[in-house]
Amino acid sequence: MPQPNWAKIIKSWGPVPKKVKPLGSTSPIVWIVEPYFGCNLRCGHCCAGLIPRADEQAMQTKVWYETFRTLNAVSPTVRVDIAGVVGEPTMNTKLTELLAVARRLAPQAQLQITTNGTKLLGKRGKVNYKALLDAGANIIYTDQYGPHERFEALAAASGYPFYTYYDKPAGAPTPWQYYGPNAKFICLMDQPEDWPQSRYRANLLGNWLGHLDWEAGKRFGMKPLAEPIARRCNQPFQDVTVSASGDYLLCCQDGMHKTAGRFGNVLDGPEGFRRFWYGEEMQIIRRRLRLKNRADTTDACAKCNITFSRCDLKHWEDQQVEQFWDGTSWQKMKFDPHVGPFDTPAVVKRTSPGRVPTLAE
């Protein structure tokens, strides 16, 4: 397969925009947005098969609008993974037009679609690489559930540059880096059934907070945790996960939406986002994770097997998880017997009424 001149292509995208962080060092790095709750596949490594068909839903246009308005207000230069958590984003029949809305509302965001690719193989061609990229997507990351030669032909027909993940040419861009709103490329990944063993050894298949058809999962070496993992986790410090209903979820591993309703909704706007992102429950969970305590978040972290790379690094300063925002002012965290105090004392900012400060100030 002939390869494009990636250095020239990346240069054509222009300079990478300077990161704008209204929330300072505590700004999220990635937003994960779910256009559709549910999937057209039932894979043994995924909890989507546990979602009743009657519960599946597409994200409503109003929720999509408010997601990207809020995103642009609190983290405008951010990567957005339009992924469906465990769902399939192309199941949303309005996805192409919604991408145009997202591009208009969040002009500096980098929009990535992560898809199983099955809808791209449809004979009618209603969902195709060119239409999605023309509408505003920057990257389409495809788990090739189908003949690889067909996906390569479809990618080539789009006119946009592409490469296969396990034959990545030198200098090709990665989907996990921010290049800005002008990037355009397709990455053809293998489905987990075809992954090399190195990816399994790296523990890259999550167990969806303990929700899985474990008999089906045996094929992938998946089984319930015998006990909570004593490791940190970077997800609640870096990623924002928005469900199809607009509810904020604890993290991208909550494929069954078990934490929906606990953290607010994107319809609450930027102020609601701050109440979620800096709220007491999120801060308690972060404090536990700083001390490698997953066990006491019994309905989520205690059941999770994820140990993504860099998960054990510390994110945020100690004082930034010693306080929470109650919607009016910063409050010092009450003593949590399962967390323990940090060496650094808490800092409570004094601000003018009505202004939400950043924790980086």
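One can find the structure itself at the top, above this paragraph.
Nothing here was measured: the structure is a model prediction, and the numbers come from that model. (Residues numbered from 1 in each chain as written. Predicted model: local features only at pLDDT ≥ 70, side-chain atom pairs only at ≥ 80, totals over all residues. Heavy atoms only, no water.)

1. Comments concerning the overall build of the protein chain
Within the protein chain, the secondary structure is distributed over 10 helices and 12 strands. Here the protein chain has a C-alpha radius of gyration of 20 Å; the compact-globule value for 361 residues is 21 Å, and the two agree. Its C-alpha atoms put the protein chain at 60 × 45 × 40 Å along the principal axes. Considering the protein chain as a whole, with its 361 residues, one finds that 56% of them fall into the buried category. When contacts within the protein chain are restricted to residue pairs at least 6 apart in sequence, those whose partners lie at least 24 apart make up 76%. Split by element, the accessible area of the protein chain, about 15900 Å² in all, is 51% carbon and sulfur. One finds the centroid of the 46 positive side-chain charges in the protein chain at a distance of 5 Å from the centroid of its 35 negative side-chain charges. (Helix = DSSP H or I, 4+ residues; strand = E, 2+ residues; numbered from the N terminus. Rg over C-alpha atoms; globule rule 2.2 N^0.38 Å. Buried < 20%, exposed > 50% of the residue type's maximum accessible area, 1.4 Å probe, protein only. Contact = heavy atoms within 4.5 Å. Areas by Shrake-Rupley, 256 points an atom, 1.4 Å probe, with all protein chains shown as cover. Lys, Arg positive; Asp, Glu negative; His and termini not counted. Charge placed at Lys NZ, Arg CZ, Asp CG, Glu CD.)

2. Details of unusual backbone geometry
The phi dihedral of L209 falls on the positive side, at around 55°, and the residue is not glycine. On the basis of relative accessibility, which here comes to 1%, the residue L209 falls in the buried class. A positive phi angle, close to 70°, is found at W316, a residue other than glycine. Accessibility expressed as a relative area gives 11% for W316, which makes it buried.

3. Section: the environment of A73
Relative to the helices and strands, A73 is located in helix α2 (residues 61-74). Sequence-wise, A73 and G269 are 196 residues apart; in three dimensions their C-alpha atoms are separated by 9.1 Å. Setting aside residues no more than four positions away along its own chain, A73 makes contact with P22 and P270.

4. With respect to the packing of aromatic side chains
If you walk through the whole model with that rule in mind, you get 22 aromatic pairs. Aromatic side chains W64 and F68 sit 4.8 Å apart centroid to centroid with 45° between the ring planes, which places their arrangement in the tilted category. Residue W64 and its partner F68 are both found in helix α2; the two are separated by four residues, about one turn of the helix. Site record: aromatic cluster; members linked through ring pairs are W31, F237, Y248, F263, F273, F276, W277, Y278, W316, W325 and W330. One residue, K19, lies across the ring of Y178, its end atom 5.0 Å from the ring centre. (Phe/Tyr/Trp six-rings, centres within 6.5 Å; stacked < 30°, edge-to-face > 60°. Lys NZ or Arg CZ within 6 Å of the ring centre and 35° of its normal.)

5. Points about the pairing of strand β1 (residues 30-33)
Side chains V30 and I32 project from β1 onto one buried face, and the interleaved W31 and V33 project onto a second face that is buried too. Strand direction decides the pairing type here: β1 and strand β4 (residues 79-82), joined by four bridges, are parallel. Across the sheet, residue W31 finds its bridge partner in β4, namely V80. As judged from the four bridges shared by β1 and strand β9 (residues 239-242), these two strands associate in the parallel manner. Looking at β9, one finds that I32 is bridged to T241. (Pairing = 2+ DSSP bridges.)

6. A few points about helix α3 (residues 95-105)
Taken together, the buried positions of α3 are occupied by L95, L98, L99, V101, A102, R103 and L105. In this fold, the buried residues of α3 make contact with α2, β4, β5 (110-115) and α4 (129-135).

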